[in-house]
Amino acid sequence: MGKLTKKRKAAYIAYIAVLFVFFYLPIVICMIYSFNESKSLTNWTGFSFRWYGQLIHDGNVMKAVFVSVTIAIFATIISTTLGTLTAIGLSKSRKILRQTVLNVNNIPIMNPDIVTAIGLMLLFSSVAMPRGYLTMLLAHVAFCTPFVITSVYPKVRSLDPAIADAALDLGATPFEALIKVIIPMLKDGIYAGVLLAFTMSFDDFVISYFVTGNGVQNISIVVYNMTKRTNPTINALSTIVILVIAIALIISKLIPAMMKRTMRFIMGGMLILLLGLAIFSGVQSGGRTLRVYNAGEYIDTSLLEKFEKEADCKVIYETFDSNESMYTKLKSGAEYDILIPSDYMIERLIREDMLKPVNWNNLKNEGGLNHQLMGLSFDPENEYAVPYFAGSVGILYDTTVVDEEDAAAGWDLLRNTKYKGNLYMYDSERDSFMVALKALGYSMNTTDEKEIKEAYQWLLDQRDSMGVVYAGDDVIDNMISGNKAIAVVYSGDAAYIMSENENMEYIEPGQGTNVWCDAMVITKECGDPDLAHAFMDFMLEPENAYKNSEYVGYTSPILSVANELAMGEYEGISAYTPDFDGEKNEVFRYQEPEIKEMFADLWTKVKAY
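Residues numbered from 1 in each chain as written. Predicted model: local features only at pLDDT ≥ 70, side-chain atom pairs only at ≥ 80, totals over all residues. Heavy atoms only, no water.

### Some remarks on the overall build of the chain
A count of helical and extended segments in the chain gives 25 helices and ten strands. In the chain, once contacts between residues fewer than 6 apart in sequence are set aside, the share between residues at least 24 apart is 74%. Summed over all atoms, the accessible surface of the chain reaches about 29300 Å², with 61% contributed by carbon and sulfur. (Helix = DSSP H or I, 4+ residues; strand = E, 2+ residues; numbered from the N terminus. Contact = heavy atoms within 4.5 Å. Areas by Shrake-Rupley, 256 points an atom, 1.4 Å probe, with all protein chains shown as cover.)

Take a look at the structure:
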């Protein structure tokens, strides 16, 4: 029996060890790679503090840290106060009212975050409340308070009802009875509610993403935008957060009294800072302001600071994760001056009369634009769009694994069973169907149901025969590390991967592909069109365009800049020369709702295996 007990103990210890490894190994790896010299998130090249230095000098991250901490503290204080008082009040209420309130309180706890986020976004829009710091704070209070009530109410129910009456009989006022008698007896439940509220607020992404505006972002939003491109500062930021939490926990265990005094000091100081921010965050400066809405990790942010100095203005810069989420936010009432969407979305915005025409006379650098990027199908008369970046979708392959003859087959390479299990397809409905349609010789903008169904079958056959892995932006680091030999990627991503892995090559298949152009447009709500035109012209200046293209990795719309880049670090990389004149290459067009719904339904079936 004793031996059996020892075996059980050993098994239990082994189980705990495996559990700890499972939980903490990813954190350890993250911390180790925060000191990696390379930009790769998985390929170690040497020890360096490079990313910590970049993090410290990244103003957006520092602002996001401030927003996250102050929002979490203020939301915790308010929600804890509201939740505690509500729990105490419920204990004295009638049963019907008490049960009704508790049931209603459970709704936001059980509700999916996305539903709560959309509801709050619509609420703020309906009352015309400008979105920013205040709306994020109110949203956090709204979803934290129910959790505090749930934590405190059981402790209230366990109290002897006569305690409060005894305090009153002994001469205490109702307020004194509450502060000096009841609340101290609820401290365990209140502390649990405080920790839960702070953690949820500090960690929240979904709700914050939909209710914020005016350039206000918390850490979760900034990190999410960083993941759109390989950005090792994520590791550095994560390491600092982990260390701060670990140190706080150690101090709280070893020196509880000091921790209490320290926490009071920190809370008081942060509250003062927060009150100051709450007072002044909504106050607009007397200078000019430009609101820019762009995709995540799609600009060298140092250019924004440079423009602010040159134009003596303030740039409120926000990011989106997709053209569709950008459109949703616009329709919900969010206002911006400049948008940087993709071609097909620009066509939709033009159709819905949401844009102002561009005054080309105000753009002194327009003469340097690549003529191939002008007069494209989404804006044939060049009335609304000023090119920002261009590129293509193609095949990236490992030259040490894939034969050149096989690569010459273009899209048919993606059905070559010789490379089964060695393929990444981009996890994108439009891009994947584009591949299938082009492989079959059809237009990627087809509305013919028969052709669409053929493309669907092509994707099904590919899925079943090739062991496809559908990947997002993580394909960048995976291909740098050589995890697979073939991937469908965007040209700018290919350029970066090739600069990190010399074995990779990129081709635009001869059957044709999607060549695309993202552009700057001015919204109908733009309050300062002159400043908007100045920003567009600033981004077209060769020096600024070079710096931006070098940072992001996509083809500059300025021809001289694109040529200079192609002759330098990116020599020989076709990613910098998308062929807009190619007979079979196309730009995505706007899809009517019924066609879009058909593609979406078929794509869901492709991935449902």
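Still to come is the rest of the account.
### Some thoughts on the packing of aromatic side chains
Scanning all chains against the criterion turns up 24 aromatic pairs. Connected via pairs of aromatic rings, a cluster forms that spans Y298, Y388, F389, Y426, Y490, W516 and Y554. If you follow R348 out to its NZ or CZ, it ends over the ring of Y327, 3.8 Å from the centre. Residue placement shows K484 over the ring face of Y424; its charged tip is 5.6 Å from the ring centre. (Phe/Tyr/Trp six-rings, centres within 6.5 Å; stacked < 30°, edge-to-face > 60°. Lys NZ or Arg CZ within 6 Å of the ring centre and 35° of its normal.)

### Details of the side chain of T76
Looking at the secondary structure, you find T76 in helix α3 (residues 59-91). Judged by relative accessible area, T76 falls into the buried class, the value being 4%. Of note is the side chain of T76, whose polar atom sits 3.3 Å from the backbone nitrogen of F198. For T76, the residues in contact, after removing those within four places along its chain, are V194, A197 and F198. (Buried < 20%, exposed > 50% of the residue type's maximum accessible area, 1.4 Å probe, protein only. Polar contact = N/O pair within 3.5 Å; in protein donor to acceptor, adjacent residues only side chain to side chain.)

### Regarding the side chain of D431
Locating D431 in the fold gives a position in helix α18 (residues 429-439). One buried charge, D431, has no salt-bridge partner; the nearest side chain with opposite charge is R430, at 7.3 Å. Look past the residues within four positions of D431 in its chain and what remains in contact with it is V393, Y426, Y490, N514 and F588. (Lys, Arg positive; Asp, Glu negative; His and termini not counted. Salt bridge = Lys/Arg side-chain N within 4 Å of Asp/Glu carboxyl O.)

### Overview of helix α6 (residues 133-157)
If you check α6, its first and last C-alpha atoms are 36 Å apart, about what 25 residues at 1.5 Å a residue would give, namely 36 Å. Most of α6 is tucked away: 18 of the 25 residues are buried. (Expected span 1.5 Å × (residues − 1).)

### Side note on the pairing of strand β1 (residues 288-295)
Relative to strand β2 (residues 313-320), β1 runs parallel, the two being bridged by eight bridges. The residue of β2 that forms the bridge with R288 is C313. A crossover links β1 with its parallel partner β2, the connecting element being helix α14 (residues 302-311), and its sense is right-handed. Here two bridges tie β1 to strand β3 (residues 338-339), and the two strands are oriented parallel to one another. (Pairing = 2+ DSSP bridges. Right-handed = clockwise from strand over helix to strand, strands pointing away.)

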